[in-house]
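A closer look at the structure
Chain residues, written in single-letter form:
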Amino acid sequence: MSIVISLLLGLLSVNYTSAQRVASGTFAPNIKNTQQAISKRDTIKADSITKAVPDSLKKNNDLQTTVVYSAKDSTIMDTKNQVVFLYGEAKVTYGDVVLEADYIKLNWDKNEVFASGTKDSLTNKVKGKPVFKQGAEPYDADEIKYNFKSRKAIIKGLITKQGDAYVQGVSVKKDNEDNLYIRNAVYTTCNLAHPHYNIRASKIKMVGKKEIVSGPFHFELNELPLPIGLPFGFFPYKPPQENGTSGIIMPNYGEEPLGRGFFLREGGYYFAINENIGLRLTGELYSKGSFGITANSQYIKRYRYGGSFNLTFRESNNGLEVGREYRNDFGIQWSHSPQSRGNSSFSASVNAQSNSNAQFNSLTSSNYISTALNSSIQYSKNFGQNIRTSVSLQADQNTITKAVNVNNNFSFGLNQFQPFKKKNAVTEKFWDGFRFGLDFNGSIGITNQVALNNRAYNSLPYNVNRQKDTTDTDPTKPLIVDPRVAANQTANLARDGVIPFELSGENWRTIKENANFKMAYSIPLSLPNIKIGKYINLTPGMSLSGNVYKRKYNYKFLKPGESYVNSKNQTVTFKPYANDTLAQNGVVDIDTVSSPSADYQYSFSMSMNTRLYGTMNFNKGRLKGIRHIMTPSLSMNYTPDFTDPKFGFYQEVQVSTKGTEVRTINGQQVTGSFRRISSFDPRQTNYGVQSGGINFSLSNTLEAKVRAKSDTAQKEFEKVTLIDNFALSTSYNFFVEQFKLAPISFSAASRVKKFDINLNGTFDPYKYKDDGSSLVGTRLDEYTAPSLANLGFSIGKSFQPGKAQQPKKSNNSDIPEDQVKQVNRNINDYVDWSVPWTFQFSYQYNYSKLGFAPAVIVSAATFNGSLKLTEKWDLKVQSGYDFVNKGISLTNIQIHRDLHCWEAAFNWTPAASPYYGRASSYSFEIRVKSALLQELKLSRRRTFYDRGGF
C-alpha cells in the first residue's frame, strides 16, 4: 500500500512540475495524463501537504496569480471535476486574499472556494470557523463562498472589526469593489458575542474602507430593543490615524441668558486630513438670528514641530424685536512649538481678538475675566558656539481700554570667551581667567496709546496736565469702566489718549509719529578667580549695561493759571476743570523732546567661599560615621543710585502743592510733594538708593555612613542624608539711612523614612514701639533679640505599591506610541486598574507675625488616595481639615466603574471650604468608551449655582 501511495505522489509531482506554459503569466497542468494515473477520487493523507497551484487549472487569463493551499489533516483531490477538498486547519492564499478554516473546498472549474467549520462529534460544537482576510481586514464567518475571478463572495454569519467597531450580519454579499451588503446587521463597539449594547438594522452597506451606510435602525440594550432609532445612519470606520478619524461632531444645545435665545453650539465635522494635520470645523446657531463659525487645526511633524491654529467669527445681535443691535466678533489663536533641532528655532503664540469677543462669547470663567491678550512670534539662530541672534514680534491688547502695543524685538549676543588665553598654552596664566561677553538688544514699538497728557495716563502717581475732551463732562467718574459691571454702565467711557488702531489714514500717521525705539546693551565681565591659600576662592566681578532711546521727556509743575514755554516754543497754560478738585493742587506737564539719548548702569561685586568638613567615627553598631559639611559664603557689592538727578536719568519734580517735603528748585525752597520721574519713561517714578553691602550665607549638610543590613548587599556601606540642607543668610547695606541689617532667613530640608520634611522662616532683629494708632506699631532702628517673623513647616509622605509611578507600557500593538507617552506625561489623570491603592498626605503650618499685630496662622492637613475596590470599581477621595477655621477643607469623592464597553463616573464635592461654606456639587455620567460613539451618554449635573439639568 505504501508503494502505491509513493507512486501516486510521484505521478502527481511529475504532472505539476511538467506543466506547459500556454500564456504569459499562466501555466496549465496536463490534466489528461493525471486522469489516467489517478482514479476519480483518491485520498492522500499526511501531516501537512502544501501545493502551489499555478493559474493553469483554468482557462487562460482567468486567474492573475498563484493559488497556494495547505491542510494539516488531509487533502482530497477530484481531478475529473477539478475539485480539491482540504481538511484540518486548511489555508488558501490568492494574492492579498487569505482564507483559513477547518474545511475548504476548491473548485477550479468555477474559480470558487468554499469554507466552513466542522462540528466536533464529542462536544457538538463547531470548530475552525472561516477567517477571511483581504489586505489587513479580517472577517469571521460561519460560511464563506468566494470567486477568484469576479472577487465576489457570499458570507453567512459575518463578524468583522472595522476600527473600534464590530459589525455582525446574518447574510452578506461582497462585490468586486470590496463593498459589503449585510442583512440583519448589528453595529457595536462591544467585543462580546452577545454585546451589551448595539445598533440593529435590517440592511447595512459597508462602502469600501470609508463608511457604513444604514437604513432604518434602532438601539438594543442587552439584546432588548429600545424605542430609540432613526430612519437612516452614517458611521465612518476609516482605520484610526494618530490625529483621529474624520467624522461628525454632535452639537451642544441649551439656552443662553444673554438674549440670543436657544442654541446649537460646537457642532460640525472633523477632517483627519492626514497623519500630520487635522481640521475641526464647527458652528453655532441661535434662535434669534445670531451665528458663528470656528475652524481649529492641529498639526505635527514628528521630531520637527507641532502646533495649532484657531480662527473664529461670530455675528451676534441682542435679540430685541425693537432696537435690535448687531455686533461682529473675531478671534485668532496660533501656537507653534519646535523640537530642539539644529541651530535655529521658530515659535509662535498668537492671541488676537475683537475687544468684545471674550466678554460675550467665552464659555470659561478664566477667558471671561481676562482682559489682556498677548501674542508673540520668535525666531532664533546660533552661529557656531559663541554668537546668538534672535528676532521677535510681540503684541499686547487690552479689551477694556482698547490699548494695543506692538513691538519688534531683536537681539545679538556674544557668549563669554577668554580673549587673553592662548590656544595651545601648556600652563594657565592668571589673566587667562578674564572673560568678556556682549549682549545687545533693541525694540521698535508702536501703540495707539499716544496722548501722554490725556486721561489715559492719569493712572500715574501724579496729576498730568491733560487736554479737555469734549465728551468728558465729569472728570470725577472712573477713567476706564468695564461695561460688564452693571453698576458702572452710566459712567464715563471716554478713553482719552487711546485712538483706534488703524493701519491707514490719520490715525496711522499719528501712531507712526509716536513710534518708540529703544536699544539696550550689557557687557558682562568675569575677572580671574583668585585663590587665597589653598581653600578660599575669591571671585571679583563687574557689569556694565545701558539703554539708547529715541526721545526723552521734560517735566514742568504748573499751578492753576501758570504757563511756560516748552521745547517746541509752545506756550502751555494750565486751566483746570471747574470741578476737578485734585487738579487744584497742581499738575505736571509732560514735554516730549525728539532727540536720541542714553543711560547706563554699572556695578561691582566680589565673593569668597570655601568648604569645611567635620567627621565623627563610631566603632560599634551599624553607624560607622557622621560627616558635617559646612559651606560659608561672603560677598560684597556696590551699585550707585542712578535715580539721582546728578546722572541725568531722572528728574526731581514737584507733583503737588499739598505735602510737607522741602526741596530746593532753581535756588528756591519749595514745599509740597515730589517725585523722581524717569527722563525716558513717564511711568517710572522710582526713588532709588545706592546699594553697597555684605551678604552672608552658611549652608550645612549632615550625612551618616551606615553598614548595610544584608551581607549580600552590593555595597557594604550606605550613605544616608540626615539634613539635606540647613542654611542661614542675611545682608548688611552700608548706604541706607536705617534698617541696614536685613532679616535673618533660615531653611532646612530632610527626608526621613521617606517622609519629606521642609522648614523655613525669618527672624526680625529690630524693636517695635506701640504707637497707639496701629496694631503693628512702629518699627525702630534699634537692635534687639531676634523675634520670629515668619515660620513655615510641612511634612508629607506617599504610600503606594512600587509599580504605581512606573512608566506605563502597552502590550497592544494597535495603541500608538504617542498615546502611551501622553498617559505617562499625565499619569494622575488616568485610572490605572493594575494598581490596587495609593495614599498621600501632607501637613502644612505657616506662622506670620509683624510687630504687635496678632499672629496669622495657617494649619491644615490634606490627604488624597485611590482604592481599587474590585477589578472594575475604583474609588478616589480628596479631603482635609483646617485646624484654624475648624472645618473640613475641599472634599471630593470620585467613583469609577468599568462596564466593559461602557463606563460610569460619579463625582461629588460635598464641601469646598470651611471659609466659603458648603458649596456642594455633583455629577454622574454613563457613556460608551469608544470614541466612535462618544455622544452616546447620559449625564446629570448639579452645582451650587444652578438647578441642574440633563
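What you see is a predicted model, and the numbers here were worked out from it, not measured in a lab. (Residues numbered from 1 in each chain as written. Predicted model: local features only at pLDDT ≥ 70, side-chain atom pairs only at ≥ 80, totals over all residues. Heavy atoms only, no water.)

**Thoughts on the environment of Phe647**
- Here Phe647 lies in the loop between β44 (623–639) and β45 (650–665).
- Ignoring any residue separated from it by four or fewer positions in sequence, one finds Phe647 in contact with Tyr600, Pro640, Asp641 and Phe642. (Helix = DSSP H or I, 4+ residues; strand = E, 2+ residues; numbered from the N terminus. Contact = heavy atoms within 4.5 Å.)

**Section: the pairing of strand β47 (residues 691–707)**
- In the sheet, β44 pairs with β47 via 16 bridges, with the strands oriented antiparallel. If you follow Met630 over to β47, its bridge partner there is Asn700.
- Note: β47 against strand β48 (residues 717–733), 14 bridges, orientation antiparallel. Looking across to β48, one finds that Ile694 is bridged to Tyr732. (Pairing = 2+ DSSP bridges.)

**Side note on the pairing of strand β14 (residues 143–147)**
- Alignment of strand β9 (residues 112–116) against β14, held across 5 bridges, turns out to be antiparallel. Each residue of the ladder has a partner; that of Val113, found in β14, is Tyr146.

**Description of the side chain of Gln654**
- For Gln654, the position within the fold is in strand β45.
- Judged by relative accessible area, which is 9%, Gln654 ranks as buried.
- A polar atom in the side chain of Gln654 sits 3.2 Å from the backbone oxygen of Ser656.
- The contacts of Gln654, once residues within four sequence positions are left out, are Phe557, Val588, Val670, Thr671, Gly672, Ser673 and Phe674. (Buried < 20%, exposed > 50% of the residue type's maximum accessible area, 1.4 Å probe, protein only. Polar contact = N/O pair within 3.5 Å; in protein donor to acceptor, adjacent residues only side chain to side chain.)

**Thoughts on the nonpolar core**
- The biggest cluster of nonpolar side chains holds 47 residues, and the ones touching the most others in it are Leu86, Ile104, Leu106 and Ile182.
- In contact with Ile104, not counting residues within four places along its chain, are Val84, Phe85, Leu86, Ala90, Lys91, Val92, Leu99, Val113, Phe114 and Ala115.
- Formed by 11 residues, the second largest nonpolar core is a distinct cluster that contains Leu460, Tyr462, Tyr555 and Val655. (Core = buried A, V, L, I, M, F, W, Y, C linked by side-chain atoms within 4.5 Å.)

**Structural notes on a nonpolar patch on the surface**
- Residues Phe271, Ile273, Leu281, Leu285, Phe291, Ile293, Phe313 and Phe330 make up a contiguous nonpolar surface patch of about 700 Å² in total accessible area.
- Sorting the residues of the nonpolar patch by element identifies β25 (261–274), β26 (277–286) and β27 (291–301) as the ones contributing at least two each.
- By the secondary structure assignment, Ile293 is in strand β27.
- Classification of Ile293 by relative accessible area gives partly exposed; the value is 43%. (Patch = residues over 30% accessible without salt bridge, like charges linked within 9 Å, V, L, I, M, F, W, Y side chains within 5 Å. Areas by Shrake-Rupley, 256 points an atom, 1.4 Å probe, with all protein chains shown as cover. Salt bridge = Lys/Arg side-chain N within 4 Å of Asp/Glu carboxyl O.)

**Remarks on unusual backbone geometry**
- The backbone of Asp178 shows a phi angle near 65°, a positive value even though the residue is not glycine.
- Inspection of the secondary structure puts Asp178 in the loop between β16 (165–174) and β17 (180–188).
- Look at His900: it is not a glycine, yet its phi comes out positive at around 65°.
- With respect to the secondary-structure elements, His900 resides in the loop between β56 (891–899) and β57 (902–911).

**Some points on the pattern of salt bridges**
- For the structure shown, the criterion picks out 25 salt bridges.
- Arg327 serves as the salt-bridge partner of Asp329, at 2.9 Å between the closest nitrogen and oxygen.
- The network of salt bridges with common partners includes Asp641, Glu652, Glu661, Arg663 and Arg676.

**Looking at the environment of Glu321**
- Examined against the element boundaries, Glu321 turns out to sit in the loop between β28 (305–317) and β29 (326–338).
- Given the relative accessible area of 73%, Glu321 is considered exposed.
- Residues Glu321 and Lys288, 33 residues apart in the sequence, show an inter-C-alpha distance of 9.4 Å.

**Comments concerning the state of the cysteines**
- According to the stated counting rule, one finds 0 disulfides in the structure shown.
- Here Cys190 stays free of any disulfide, with the sulfur of Cys901 as its closest cysteine sulfur at 3.5 Å. (Disulfide = S-S within 2.5 Å.)

**Here we look at the packing of aromatic side chains**
- As enumerated under the stated definition, the model contains 33 aromatic pairs in all.
- With a centroid separation of 5.2 Å and an interplanar angle of 40°, the aromatic rings of Tyr87 and Tyr103 are classed as tilted. Highlighted residues: Tyr87 in strand β7 (residues 83–94) and Tyr103 in strand β8 (residues 97–107), separated in sequence by 16 residues.
- Judged by relative accessible area, Tyr87 falls into the partly exposed class, the value being 27%. (Phe/Tyr/Trp six-rings, centres within 6.5 Å; stacked < 30°, edge-to-face > 60°.)

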